[in-house]
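This is what each chain is made of:
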Amino acid sequence: MSSLEYIYRRVAIARIAGAGDGSDDDTVTERKTRTKAKTAKPPLYKVILLNDDYTPMEFVVEVLKAVFHRPHAEATRIMLHVHQNGMGVAGVYPFEVAETKVRTVEELAKQAEYPLKCTMEKE
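Computed from a predicted model, the values in this text were never measured in an experiment.

**Things to note about the overall build of the chain**
Scanning the chain from N- to C-terminus turns up 4 helices and 3 strands. Out of the 123 residues in the chain, the part that is buried amounts to 24%. Partitioning the contacts of the chain with sequence separation of at least 6, the portion at a separation of at least 24 is 69%. Working note: accessible area of the chain is about 9,800 Å², and carbon and sulfur atoms make up 53% of it.

**Thoughts on the sheet that holds strand E1 (residues 44-50)**
The strand order E2-E1-E3 describes an open sheet built from 3 strands, whose pairing is antiparallel. Each of the sheet's edge strands pairs with one partner strand only, and the pair in question is strand E2 (87-94) and strand E3 (117-122). Mean inter-strand twist for the sheet, computed between neighbouring axes without regard to direction, equals 25 degrees. The sheet contact formed by E1 and E3 spans 6 bridges and is antiparallel.

**What to know about the pattern of salt bridges**
A full pass over the atoms with the stated rule returns 5 salt bridges. With its nearest N and O atoms 3.4 Å apart, the salt bridge here joins Lys-46 to Glu-121. One end of the pair, Lys-46, is in strand E1; the other, Glu-121, is in strand E3, with 75 residues separating them in the sequence. Here Lys-46 falls in the partly exposed class, since its relative accessible area comes to 22%. Where Arg-70 meets Glu-74, a salt bridge forms, and the shortest distance between an N and an O atom there is 3.5 Å. Judged by its relative accessible area of 26%, Glu-74 is partly exposed. Salt bridges sharing partners connect three or more residues here, namely Arg-70, Glu-74 and Arg-77.

**Concerning the nonpolar core**
By size, the foremost hydrophobic cluster in this structure holds 22 residues, and its most contacted members are Val-47, Leu-49, Leu-64, Phe-68, Val-105 and Leu-116. Of all elements in the fold, only E1, helix H2 (57-68), helix H3 (72-85), E2 and helix H4 (95-111) reach the threshold of two or more residues within this core. Tallying contributions element by element places H2 first for this core, with 7 residues. Not counting chain neighbours up to four residues away, the residues in contact with Leu-64 comprise Leu-49, His-69, Arg-70, Ala-75, Ile-78, Met-79 and Ala-90.

**Comments concerning H3**
The end-to-end C-alpha distance of H3 is 20 Å, a good match for the 20 Å that 14 residues give at a rise of 1.5 Å each. Of the surrounding secondary structure, the elements contacted by the buried residues of H3 are E1, H2 and E2. At the exit of H3 stands Gly-86, carrying a positive phi of roughly 90 degrees.

Reading guide: rules and limits
- Residues numbered from 1 in each chain as written.
- Predicted model: local features only at pLDDT ≥ 70, side-chain atom pairs only at ≥ 80, totals over all residues.
- Heavy atoms only, no water.
- Helix = DSSP H or I, 4+ residues; strand = E, 2+ residues; numbered from the N terminus.
- Buried < 20%, exposed > 50% of the residue type's maximum accessible area, 1.4 Å probe, protein only.
- Contact = heavy atoms within 4.5 Å.
- Areas by Shrake-Rupley, 256 points an atom, 1.4 Å probe, with all protein chains shown as cover.
- Pairing = 2+ DSSP bridges.
- Axes fitted to C-alpha atoms, helices over the stretch in contact; angles between N-to-C directions.
- Salt bridge = Lys/Arg side-chain N within 4 Å of Asp/Glu carboxyl O.
- Core = buried A, V, L, I, M, F, W, Y, C linked by side-chain atoms within 4.5 Å.
- Expected span 1.5 Å × (residues − 1).

Take it as geometry only, folks, not as evidence of what the structure does.
Encoded structure:
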């Protein structure tokens, strides 16, 4: 190996070794991190049945079973809670689902000619 080749190799090795020491180097290394966007859970709304003196308890139980998919025992428990306390939560759902259930309950009550009322409020 000639002395000129030796010098070129030494210069090349020095450049490689000195790449991370902040020497005047044209290479720029940058690390980018990605942030994951978390989707927020939608706000939930309570669907509330209101007590009245005219709607039969059996009708309320049937509505709870049909609209809210409650088993008979749970529907009866909710109906008794509504009867004794004036109101009770039939279920908790995202806005669109809660809105649909409120409309369905009021339509069923209207068809049966009962004054049963149902509302929703943010949890």
